[in-house]
Amino acid sequence: MIPVTTRSRPDAAVRYPREIAAAVTLPAACAALVAPPDAPTSRAGSIAIITACAALSTRLGVIRFLAERSPVDPRAARPFDPFRDLTPPALRGFGPAPESGRLRTAGDRCADAWRLWRAEDAGADSAAGAAGALAVAAWCSWALGSTARAQTRAQHALDTRADDPLAALVLRSVRARSGPAWDRG
């Protein structure tokens, strides 16, 4: 069980163990998301995906990683830094179109991770990561133009954790009939 916050001293800065675990696990999660499509998602891969998706900054890192047109080493994936990085254009459907097979596989693996969580854990401690994984799956569906699947996944993510910002963004985009505007170049 990972506590929400811990303090080493009363005057010390608050530490967020979930965000630290998410950042450390991000490369393993990215590797699991882009493993060959014919290989099933391992339990360890699903756990890495759920752990990495517990923080919004790492989810944006996953989106940035998945949207890369050229193959990128998963070990190079890094969390989004709101103080240094621009919001990934892919989040809003701008830029070059991501490779559809890669998005489809990653979305299905994120959904599989959520299903594993539902079957084995379903604990409140890991609900943020499970909802985050399903929100990434919803974004992948939205990016592929599959609005019905994106809406279903986003709604289930919000049912898992009602305050998930990525799932809410995807659901608002679907309801507004706002799809990606990828450069087809």
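Remember, it's a predicted structure, so these values are computed and weren't measured experimentally.

**Quick notes on the overall build of the protein chain**
Secondary structure summary: the protein chain contains 7 helices and 0 strands in total. If you list the helices and strands of the protein chain from N to C, you get α-α-α-α-α-α-α. Going through the 185 residues of the protein chain one by one, you find that 45% of them count as buried. Roughly 9,700 Å² of accessible area belongs to the protein chain as shown, and the carbon and sulfur atoms make up 56% of that amount.

**A word on unusual backbone geometry**
We note that Arg177 has phi near 55°; this positive angle belongs to a residue other than glycine. Tracing the backbone shows Arg177 in the segment after helix 7 (165–175). The exposed category is assigned to Arg177, whose relative accessible area is 79%.

**Brief notes about the nonpolar core**
Generally speaking, soluble globular proteins have nonpolar side chains that are buried together. Grouped together as the largest cluster of nonpolar side chains are 50 residues, with contacts concentrated most on Ile49, Leu66, Val136, Trp139 and Val170. Going through the elements one at a time, helix 1 (17–33), helix 2 (43–52), helix 3 (56–67), helix 4 (100–120), helix 5 (127–143), helix 6 (147–160) and helix 7 are the ones with two or more residues in this core. Here the element with the most residues in this core is helix 5; it accounts for 12 residues. Residues in contact with Val136, not counting those within four places in the same chain, are Cys53, Arg59, Val62, Leu66, Cys110 and Leu166.

**Thoughts on the packing of aromatic side chains**
Here the structure, examined in full by the defined rule, presents 0 aromatic pairs. The ring of Phe65 is capped by Arg102, whose NZ or CZ atom sits 4.7 Å from the centre of that ring.

**What about the confidence of the model for the protein chain?**
Detail in the predicted coordinates should be disregarded across regions flagged by low pLDDT. Looking at the protein chain, pLDDT values average 88 and 90% of them are 70 or higher. For the stretch residues 1–13, pLDDT sits under 50, and the model shows 19 contacts to residues farther than four places along the chain or on other chains.

**Quick notes on the pattern of salt bridges**
All told, the structure shown has 10 salt bridges when counted by the stated rule. Taking the shortest distance from any N to any O, the salt bridge between Arg75 and Asp73 comes out at 2.7 Å. Close ionic contact of Arg153 with Asp108 constitutes a salt bridge, the shortest N to O distance being 3.0 Å. Placement of the pair is Arg153 in helix 6 and Asp108 in helix 4, with a sequence separation of 45 residues. Owing to a relative accessible area of 9%, Arg153 belongs among the buried residues under this scheme.

**Notes on the side chain of Thr160**
With respect to the secondary-structure elements, Thr160 resides in helix 6. The class for Thr160 is buried, based on a relative accessible area of 18%. Of the polar contacts made by the side chain of Thr160, one reaches the side chain of Trp114; its length is 3.0 Å. Reaching out from Thr160, the side chain makes a polar contact with the backbone oxygen of His156 at a distance of 2.9 Å. Among residues more than four places away in sequence, those in contact with Thr160 are Trp114, Trp117, Ala127, Ala130 and Ala131.

**Let's talk about helix 7**
Of all the residues in helix 7, the buried ones are Leu166, Ala167, Val170, Leu171, Ser173 and Val174. For helix 7, the angular spread of buried residues about the axis comes to 160°, placing them on one side. For helix 7, the exposed residues lying more than 90 degrees away from the buried face are Arg172 and Arg175. The N-capping residue of helix 7, defined by a side-chain oxygen 3.3 Å from the backbone nitrogen of Leu166, is Asp164. Just beyond helix 7, the residue with positive phi is Arg177, at close to 55°.

Cut-offs and rules
Within each chain, residue numbers correspond to sequence positions counted from 1 in written order. Selection of residues for local features in this predicted model requires a pLDDT of at least 70, selection of side-chain atom pairs for listing and counting requires 80 or more, and totals for whole chains, interfaces and linings are taken over all residues. For the side-chain quantities, the full set of heavy atoms in the structure was used; hydrogens and water were omitted. Secondary structure counts use DSSP, requiring at least four H or I residues in a row for a helix and at least two E residues in a row for a strand, with both numbered from the N terminus. Relative accessibility thresholds used throughout: buried, under 20% of the residue-type maximum; exposed, over 50%; partly exposed, between the two (1.4 Å probe, protein chains only). In short, Shrake-Rupley with a 1.4 Å probe defines the accessible areas, and a residue's cover is counted only from the protein chains shown. Residues belong to one nonpolar core when they are buried, are Ala, Val, Leu, Ile, Met, Phe, Trp, Tyr or Cys, and are joined through side-chain atoms within 4.5 Å. When checking whether two residues touch, look at their non-hydrogen atoms; a contact exists if any pair is within 4.5 Å. For Phe, Tyr and Trp, where Trp contributes only its six-membered ring, two rings pair if their centres lie within 6.5 Å, and the inter-plane angle classes them as stacked under 30 degrees, edge-to-face over 60, or tilted in between. Criterion for a charge above a ring: Lys NZ or Arg CZ within 6 Å of the ring centre, and within 35 degrees of the ring normal. Every residue carries a pLDDT, the predictor's confidence in it, which falls somewhere between 0 and 100. Salt bridges are identified by distance alone: a Lys or Arg side-chain nitrogen within 4 Å of an Asp or Glu carboxyl oxygen. Polar contacts here mean pairs of N or O atoms no more than 3.5 Å apart (in protein, one a potential hydrogen donor and the other a potential acceptor; neighbouring residues in sequence count only if both atoms are side-chain atoms). As used here, the arc belongs to the directions running from the helix axis to the C-beta atoms.

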